[in-house]
Amino acid sequence: HAWVACWNLEGAPSALVERFRAQNRLQQDSSGQIITWLCPSRPENVEHQLAILTEIAERYPVTGIQLDYIRFPSSKSCFCPACRSAFESHLKSRVRRWPADVLPSGSLFAAFTEWRTGQISRFVRLARERLRTVRPSATLSAAVYGYYPGCIQSLGQDWALWLRNDWVSFVCPMNYEENLDRFKRYLQTQMPLATRSDRIIPGIGVTASTSRLNPIQTLEQVEAVRSSGAT
């Protein structure tokens, strides 16, 4: 399975990042500061990512492609001019106070959250369609955040929707948690979201940036995954 990092430009050549910056293709926070992630509301960025998937699927005999960073970096983005224009087109009306009206205390926060989440889901759907065209046998999967449904509002990542619509074959929730009880609660929330247990493959954070597990902790989490019915 090929691993594809979506939107996130960490580690990209500085010349490429500067080119995207000059083309106004990067995300912005609510104060207008640039974030070095591609904005998923811009058609040229969507096509750029789809072209990467297409090239991988056409040139290499991959069994599947896994999407990572298939989300916004945090709740603090994106508020760039392209997002404003696209959201206003969606609303069919102008946002009087941008971005104040779409922030948590604003009157349009719920509508903006739904639209923002739709930008990520739309890309997943398009990726599934593109992969079926160029390599029908390949699966599409995604590494996702474990705290569902909180990740919808914070990251624009509604991965249960992707499963329901068969846009992904399976997801790998990043349950990178040292506390066993919290790890089990993740599983209890996640497993009912799939029609088959093999469509959710929980990740265990043995050496993740947010967790470090010793051998006993690792074995306890493996047993918890097995007990939940997950793969």
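It should be emphasised that the depicted structure is a prediction, and the values quoted were computed from it without experimental measurement.

A. Here's a closer look at the pattern of salt bridges. As enumerated under the stated definition, the model contains 11 salt bridges in all. Salt-bridge contacts for Glu 47 lead to Arg 130; the nearest nitrogen and oxygen are separated by 3.4 Å. Here Glu 47, found in helix α2 (residues 43-59), pairs with Arg 130, found in helix α4 (residues 109-134); they are 83 residues apart in sequence, far enough to count as distant. For Glu 47, a relative accessible area of 40% puts it in the partly exposed group. On the basis of relative accessibility, which here comes to 24%, the residue Arg 130 falls in the partly exposed class. A salt bridge links Arg 125 to Glu 129; the nearest nitrogen and oxygen atoms lie 3.3 Å apart. Of this pair, Arg 125 and Glu 129 both sit in helix α4, separated by four residues, roughly a single helical turn. Judged by its relative accessible area of 28%, Arg 125 is partly exposed. Looking at Glu 129, the relative accessible area reads 38%, which means it is partly exposed. Sharing partners across several salt bridges, the network here consists of Arg 84, Glu 88 and Arg 94.

B. Structural view of the environment of Thr 117. For Thr 117, the position within the fold is in helix α4. As for Thr 117 and Gly 106, which are separated by 11 residues in sequence, their C-alpha atoms are 17 Å apart. When sequence neighbours within four positions are dropped, the list of residues in contact with Thr 117 reads Ile 152, Gly 156 and Asp 158. Among the polar contacts made by the side chain of Thr 117, one reaches the main-chain carbonyl oxygen of Ile 152 at a distance of 3.4 Å.

C. The arrangement of the side chain of Asp 29 in detail. Tracing the chain through its elements places Asp 29 in the loop between β2 (26-28) and β3 (34-38). No salt bridge is formed by the buried Asp 29, whose closest oppositely charged neighbour, Lys 76, lies at an N-O distance of 7.6 Å. A polar contact is formed between the side chain of Asp 29 and the side chain of Ser 31, at a distance of 2.8 Å. Beyond its immediate sequence surroundings of up to four residues, Asp 29 is in contact with Ile 35, Lys 76 and Phe 79.

D. Spotlight on the nonpolar core. Judged by nonpolar contacts, the single largest core of 62 residues is most densely connected at Trp 7, Ile 65, Leu 67, Ile 70, Phe 123, Trp 159 and Trp 162. Per-element accounting of this core gives the leading share, eight residues, to α4. Ignoring anything within four residues of it in the chain, the contact list for Trp 162 reads Ile 70, Ile 120, Ser 121, Val 124, Ala 142, Val 144, Gln 157, Trp 167 and Val 168.

E. Up close: the pairing of strand β1 (residues 2-5). Residues of β1 alternate between two faces, with Ala 2 and Val 4 buried on one and Trp 3 and Ala 5 left unburied on the opposite face. In terms of strand pairing, β1 meets strand β4 (residues 64-68) through four bridges, oriented parallel. Within β4, the residue paired with Ala 2 across the bridge is Ile 65.

F. Layout of the sheet that holds β4. A sheet is described by the order of its strands in space; here five strands give the open sequence β1-β4-β5-β6-β7, paired in parallel fashion. The two strands at the open ends of the sheet, each matched to only one other strand, are β1 and β7 (203-204). Pairing geometry for strand β6 (residues 170-175) and β7, over two bridges, is parallel. If you follow Met 174 over to β7, its bridge partner there is Gly 203. Taken strand by strand, α2 contacts β1 and β4, and its axis lies near 170° from that of β1.

G. Region of interest: the packing of aromatic side chains. This structure, assessed with the given rule, holds 10 aromatic pairs. Residues Trp 37 and Tyr 69 carry aromatic rings whose centres are separated by 5.8 Å and whose planes lie at 80° to one another, so their mutual orientation is edge-to-face. Of this pair, Trp 37 sits in strand β3 while Tyr 69 sits in the loop between β4 and α3 (81-91), and the two are 32 residues apart along the sequence. The interplanar angle of 20° and the centroid separation of 5.7 Å between the aromatic rings of Phe 79 and Phe 112 together place this pair among those described as stacked.

H. Seen up close, the packing of α2 against α4. With their axes 10 Å apart at the nearest point, α2 and α4 run at an angle of 30° to one another. Taken together, α2 and α4 sit at an angle that is classed as roughly parallel. For the crossing formed where α2 meets α4, the hand is right-handed. Counting all contacts with α2, which are made through Val 46, Glu 47, Gln 49, Leu 50, Ala 51, Leu 53, Thr 54, Ala 57 and Glu 58, the residues of α4 involved are Arg 122, Phe 123, Leu 126, Ala 127, Arg 130, Leu 131 and Val 134. The residue inventory of the contact of α2 with α4, partitioned by class, reads 10 nonpolar, two polar and four charged.

What counts, and at which threshold
- Residues numbered from 1 in each chain as written.
- Predicted model: local features only at pLDDT ≥ 70, side-chain atom pairs only at ≥ 80, totals over all residues.
- Heavy atoms only, no water.
- Salt bridge = Lys/Arg side-chain N within 4 Å of Asp/Glu carboxyl O.
- Helix = DSSP H or I, 4+ residues; strand = E, 2+ residues; numbered from the N terminus.
- Buried < 20%, exposed > 50% of the residue type's maximum accessible area, 1.4 Å probe, protein only.
- Contact = heavy atoms within 4.5 Å.
- Polar contact = N/O pair within 3.5 Å; in protein donor to acceptor, adjacent residues only side chain to side chain.
- Lys, Arg positive; Asp, Glu negative; His and termini not counted.
- Core = buried A, V, L, I, M, F, W, Y, C linked by side-chain atoms within 4.5 Å.
- Pairing = 2+ DSSP bridges.
- Axes fitted to C-alpha atoms, helices over the stretch in contact; angles between N-to-C directions.
- Phe/Tyr/Trp six-rings, centres within 6.5 Å; stacked < 30°, edge-to-face > 60°.
- Parallel < 35°, antiparallel > 145°, perpendicular 65-115°, else oblique.
- Left-handed = near helix turned anticlockwise from the far one by under 90°.
- Nonpolar A, V, L, I, M, F, W, Y, C, P; charged D, E, K, R; others polar.

These values are about where atoms sit, not about what they do.
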